[in-house]
Amino acid sequence: MDMGWKMPEITASSYRSYSRKQGQLSIVEHYGKMRELGCFSLQDVTDMVGDRAAVPYLLNDYQRKGYIDRIHRNLYTVMDTETGEPVLNRYQIGSRLFADGYVALRSAFEACGYAPKAGNEVFVATQTRFTDFRYNGVFYRRVHPKAGADTEWVSGSLVTSLEQTVVDSLHSFEGEAGLEDVVECIIRLPRLDVDKLLDCLERYGNGYLYQKCGYVLEQLQEYVRLPRAFYQECREHCASTVRYMIKGADGLVYHKGWGVYAPAYLERGE
């Protein structure tokens, strides 16, 4: 979606133009097209009605009637006229905000039903720069997309695959609470695809990430049940330096097999 489109000034001529356009195209037709998009930009509406000057009046009219709602700046969503709520859920909105956008990290776990509870934010991966914003009680936060990220459609939302989400989350978690949250999601997952996990790790090409993923998943082996070959592959790509999974944290335990200091609760005591 084009974030650079600016709303033109409302003038008498644009009002007459919009009035004529109303006579040519019904409200139902416009609403139907908008509903197909779910989320849309000013440029989308211009392409829809074919008259840029009429866009401000159409949007103001539809907002007043409760057909649409402004999400942020030049972005809008369609509303359900019976419930007064957006027709899309938070994850569907997040994955439709931008043409290249998709839902990532914990939000992807949530969208797939594998998080213990829903948070108050949705992580949107996109090349389009935007300022984090709040809509309908949810914060939409931008994260950098990963080149070649593995995505899939789940219940109308474009999200990272479970394997991509695991690797991304272990790459970017913050602090002990962040790691605990990732672990809580991983133990709820169905069987992961080993080849997809390794493909995700290869795209990162980060030795420390191999260490983290190998170590954490091995400690959760009773849940993930990955083959020994996966851990062997991770060890072959591990960084040679000793790393601290959480910098500055107390009570970290050294795991010689992986060369990492990690929270004690992850240590299986082998």
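Here we summarise the structure given alongside this text. (Residues numbered from 1 in each chain as written. Predicted model: local features only at pLDDT ≥ 70, side-chain atom pairs only at ≥ 80, totals over all residues. Heavy atoms only, no water.)

Moving on, we get to unusual backbone geometry. If you check the backbone angles, Arg 73 has positive phi at about 45 degrees while not being a glycine. Along the chain, the position of Arg 73 falls in the loop between strand 2 (68–72) and strand 3 (75–78). Since its relative accessible area comes to 44%, Arg 73 is described here as partly exposed. Its identity is not glycine, yet Asn 136 carries a phi of approximately 55 degrees, on the positive side. The topology assignment puts Asn 136 in the loop between strand 6 (133–135) and strand 7 (138–143). (Helix = DSSP H or I, 4+ residues; strand = E, 2+ residues; numbered from the N terminus. Buried < 20%, exposed > 50% of the residue type's maximum accessible area, 1.4 Å probe, protein only.)

With that settled, consider the sheet that holds strand 1 (residues 39–41). If you trace the three strands from one edge of the open sheet to the other, you get 1-3-2, paired in antiparallel fashion. Two strands bound the open sheet, and with one partner strand each, they are strand 1 and strand 2. Neighbour to neighbour, the strand axes of the sheet diverge by 35 degrees on average, direction disregarded. As defined by bridge partners, strand 1 adjoins strand 3 across three bridges and the pair is classed as antiparallel. Across the sheet, the residue bridging to Phe 40 is Tyr 76, located in strand 3. Contacts from helix 3 (residues 42–49) reach strand 1 and strand 3 within the one sheet, and its direction differs from that of strand 1 by about 85 degrees. With respect to the sheet, helix 4 (residues 55–64) is in contact with strand 1, strand 2 and strand 3, its orientation differing from that of strand 2 by roughly 110 degrees. (Pairing = 2+ DSSP bridges. Axes fitted to C-alpha atoms, helices over the stretch in contact; angles between N-to-C directions. Contact = heavy atoms within 4.5 Å.)

A few words now on the packing of helix 7 (residues 162–172) against helix 8 (residues 175–186). In contact at an axis separation of 9 Å, helix 7 and helix 8 are set at 165 degrees when each is read in the N-to-C sense. One finds that helix 7 runs roughly antiparallel with respect to helix 8. In this structure, the crossing between helix 7 and helix 8 has a hand that is left-handed. Side by side, helix 7 and helix 8 meet where Val 166, Ser 169 and Leu 170 of the first sit next to Leu 179, Val 182 and Ile 186 of the second. (Parallel < 35°, antiparallel > 145°, perpendicular 65-115°, else oblique. Left-handed = near helix turned anticlockwise from the far one by under 90°.)

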